[in-house]
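The lines below spell out each chain.
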Amino acid sequence: MSVLWFGGDHNPEQWPEEVRAEDTGLMRRAGVNLVTVGVFSWSLLEPREGEFDFGWLDRELDRLADAGVGVALATPTASPPPWFGAAHPDAMPVTAEGVRLTHGSRDTYDVTAPAYQAACERIVRALAERYSAHPALRLWHVHNEYGTWSHSAHADRAFRGWLRKRHGDLEALNEAWTTAFWGQHYSDWEHVRTPRATQYLANPAHVLDFRRFLSDAMLDHYLAQRTILKSADPAVPVTTNLAFGDWVPVDAWKWAEHMDLVAVDDYPSAPGAEAAAQTAFAADLARSYAARVPAKGRPWLLTEQAAGVLYTPGRTVSKAPGELVRHSLSHVARGSRGAMFFQWRASRGGAEQWYSGMVPHAGPDSRIFREVCELGALLPRVAGAADARVPVDAAVTWDPESWWAMGAASLPDADLDYLGAVRQVHRVLWRSGRTVDFVRPDRPLPPVPLLVVPSLYLVSDTAAAHLADYVERGGTLVATPLSGIADPHGTVRTGGHPGALRDLLGVRVEELRPAPDTELSDTDLGTVRGWTEAVRLTGAEPVAVHRSGDLAGQPVLTRNRRGSGTAWYLSARLDDAALGALLAGLGARATAADLRAGPATPSAPEAGVEVVRREDGALTWIFVLNHTGAPYPVAPASLGLAPGAVDLLTDTAAEGLTVPGGGVAVLHGRLSP
Ligand code: GLA
């Protein structure tokens, strides 16, 4: 039977022997079966350059093996020891302002520095040789949340090498970066450097290539470790935990191809309903990345989440009672091979001493530890779903390069927010009960019934061809403003927007009309704020128009039939309610009135109940997560369940079941024929 992993980051090096001994007992009580060990322990494992001390780790891994707890053993390279910075100051990262950082926190490294690369390989080789056959080892966890940028001389050299491979000669680079603008033309490769602090707006193509380069440079660093770990024992899976934030330059689509399972950390930035929506977003993204993992079955794992308070400077979010279980099961429902936390036991001191743990400062006699035990008891009951697929109703494009490009300060509206646009589409689909895969159109697209393309700014010719092919084969595509506008260098495609998608959408946008924070018009679909466009029809039919403002009478939503499918273009920014109604009402004969009204009754998630399915042949597992305070009566037949289904969490019949406010159920049975 498949296993769902349950546990968290375990830092025995922070605790005396009696606490370590208590920990294994508590882990057994909670049902923990996997802990991540050693993430930041380099300075203890190699206290002096080339001198190792593995005694404490040997004892801990043996103790965990005896207790039946598996280990995701980390390589500790995210936190080089103090001696490393003292011996190799050139390997410390340099900020965009030219400040060389020094030891004192974590993540202070430069992946392009040869001394850092060599030191990493030495410690990883030592760990691989010593522990690859250890009975506790289940998984190698490389590094931690790759993401430190550097503008050092090493970075300059590596960046130039990367640029030569991408562009070939210097003239091609000049062309790709439009260096004719503001006299930036390069005449010597040696003058090309990483984009440091500069007087005014930076060259956006330069910055975009730097972010691509950082992702590849960090991937090389990960791959060097992966190669060492695999040569010790190819059977032990290798991964690295991916973080999500605009400081992260990792292109996870590419990285996933080099992982045995995708590992993600998820920290919602807001409480309540928004946290539930963000949890579903993170999980759907991880499952989608995992489609590129070479192993079958889209394997991925939630490696970190908060058990209680998430505190980072400028952000404090607490988990309300019940959320620990609901958020964890939302991840499992969407495909995670378990639910892990940062961290097992809350630290007493150090920079994250106020960050929550599965065992809080108060100890095991606490609400949080009781919820941890509750979750530990529930997970084995749903482990049968671990290999079942997650059927989806729609796909949404997600492109980190468009995200990076739209982060440039030189775009026409300071409010442009690629992540916000993608999140909004996901949120309204989530609220209407649709489960979503993310895709990037650099590969042929799956035949899902609906594909939403929010603000896909950079579109290559290949991607445009895949999008057209999806529609021609019968798909329904909806593109939103700023899609298709630029080529992969960020250069505007002239002749009318949306550039690469003009032909597919059957429209030609003459003019963008950004007006941050301003109500621009009333339309057939609802009020438009902040962004609209002057659209000319070149084959598409208008479905909804502006009713007021400068563009009164002109199209705001168009429909173009192409092959056996339809391509829609929405040229304005709508609020959640209007966008949700539009996406719910799309159809070959839909009128503006259909698209404004939306579905007659809100579906379950609209009322705060999240319903996600897993399927394996005729068997199904339906996760019902009640994020509201009110009881939710389940209707198994309307969910497509044949008679006889049960709730696996309470061992009761699904028929007549009510999920209490804040509660969860996992209905299991056969699908109605
Ligand atoms: C990240 C890191 C952890 C910890 C948590 C909480 O996800 O991987 O080490 O710092 O954030 O801030």
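Residues numbered from 1 in each chain as written. Predicted model: local features only at pLDDT ≥ 70, side-chain atom pairs only at ≥ 80, totals over all residues. Heavy atoms only, no water.

1. A closer look at the overall build of the chain
Argument step 1. Secondary structure summary: the chain contains 18 helices and 27 strands in total.
Argument step 2. Radius of gyration (C-alpha) of the chain: 26 Å, near the 26 Å computed for a compact globule of 673 residues.
Argument step 3. With the principal axes as the frame, the chain shows a C-alpha extent of 75 × 75 × 40 Å.
Argument step 4. Taking contacts inside the chain between residues at least 6 apart in sequence as the whole, the part at least 24 apart equals 71%.
Argument step 5. Accessible surface, the chain as shown: approximately 25,800 Å² in total, 53% of it carbon and sulfur.
Argument step 6. The averaged location of the 78 negative side-chain charges in the chain is 3 Å from the averaged location of its 62 positive side-chain charges. (Helix = DSSP H or I, 4+ residues; strand = E, 2+ residues; numbered from the N terminus. Rg over C-alpha atoms; globule rule 2.2 N^0.38 Å. Contact = heavy atoms within 4.5 Å. Areas by Shrake-Rupley, 256 points an atom, 1.4 Å probe, with all protein chains shown as cover. Lys, Arg positive; Asp, Glu negative; His and termini not counted. Charge placed at Lys NZ, Arg CZ, Asp CG, Glu CD.)

2. Here's the deal with the sheet that holds strand β22 (residues 619–626)
Argument step 1. Spatially, five strands are ordered β21-β22-β27-β24-β25 in an open sheet, and the strand pairing comes out antiparallel. What marks the edges here is a single partner per strand, and that holds for β21 (609–616) and β25 (652–653).
Argument step 2. Seen against the sheet, helix α11 (residues 323–333) touches β21, β22 and β27 (664–670) and runs at an angle of roughly 150° to β22. (Pairing = 2+ DSSP bridges. Axes fitted to C-alpha atoms, helices over the stretch in contact; angles between N-to-C directions.)

3. Focus on the domain arrangement of the chain
Argument step 1. For the chain, the domain assignment lists domain 1 (1–32 + 261–386), domain 2 (394–597) and domain 3 (609–670).
Argument step 2. Computed over C-alpha atoms, the centres of domain 1 and domain 2 are 36 Å apart.
Argument step 3. Residue-level contacts link 15 residues of domain 1 with 14 residues of domain 2.
Argument step 4. Interface area, domain 1 with domain 2, both sides summed: about 1,300 Å², of which 53% is carbon and sulfur.
Argument step 5. On the surface where domain 1 and domain 2 come into contact, there are three salt bridges.
Argument step 6. A salt bridge links R287 to D437, with the nearest nitrogen and oxygen atoms 3.0 Å apart.
Argument step 7. Here domain 1 and domain 2 share seven residue pairs in polar contact (both at pLDDT 80 or more) between them. (Domains from an automatic or database assignment. Buried area = accessible area lost by both parts, 1.4 Å probe. Salt bridge = Lys/Arg side-chain N within 4 Å of Asp/Glu carboxyl O. Polar contact = N/O pair within 3.5 Å; in protein donor to acceptor, adjacent residues only side chain to side chain.)

4. Quick look at empty space enclosed by the protein
Argument step 1. Applying the stated rule across the entire model yields five cavities of 30 Å³ or more.
Argument step 2. Here the largest cavity is characterised by a volume of approximately 110 Å³.
Argument step 3. If you trace the largest cavity, you find 15 residues lining it, with P268, A306, V317, S318 and K319 closest to the centre.
Argument step 4. Where the lining of the largest cavity is concerned, the elements lending two or more residues are α10 (272–290) and α11.
Argument step 5. Its residues placed into classes, the lining of the largest cavity shows eight nonpolar, four polar and three charged. (1 Å grid on protein atoms, 1.4 Å probe; cavity = no way out; pocket = protein on both sides within 12 Å on 5 of 7 lines; lining within 4 Å. Points joined across faces, edges and corners; volume = space filled by probe spheres on them. Nonpolar A, V, L, I, M, F, W, Y, C, P; charged D, E, K, R; others polar.)

5. Concerning the site of the ligand
Argument step 1. As a matter of local geometry, the ligand sits amid F40, R106, N144, E145, D265, Y267, E304, T312, F342, E352 and Y355.
Argument step 2. Separating an oxygen atom of the ligand from a side-chain N or O atom of N144 is a distance of 2.8 Å.
Argument step 3. Contact between the ligand and E352: an oxygen atom at 2.7 Å from a side-chain N or O atom of the residue.
Argument step 4. Here the ligand, which alone exposes 300 Å², has 96% of that area covered by the protein.
Argument step 5. Grouping the amino acids of the shell around the ligand by side-chain chemistry returns four nonpolar, two polar and five charged. (Near = heavy atom within 4 Å.)

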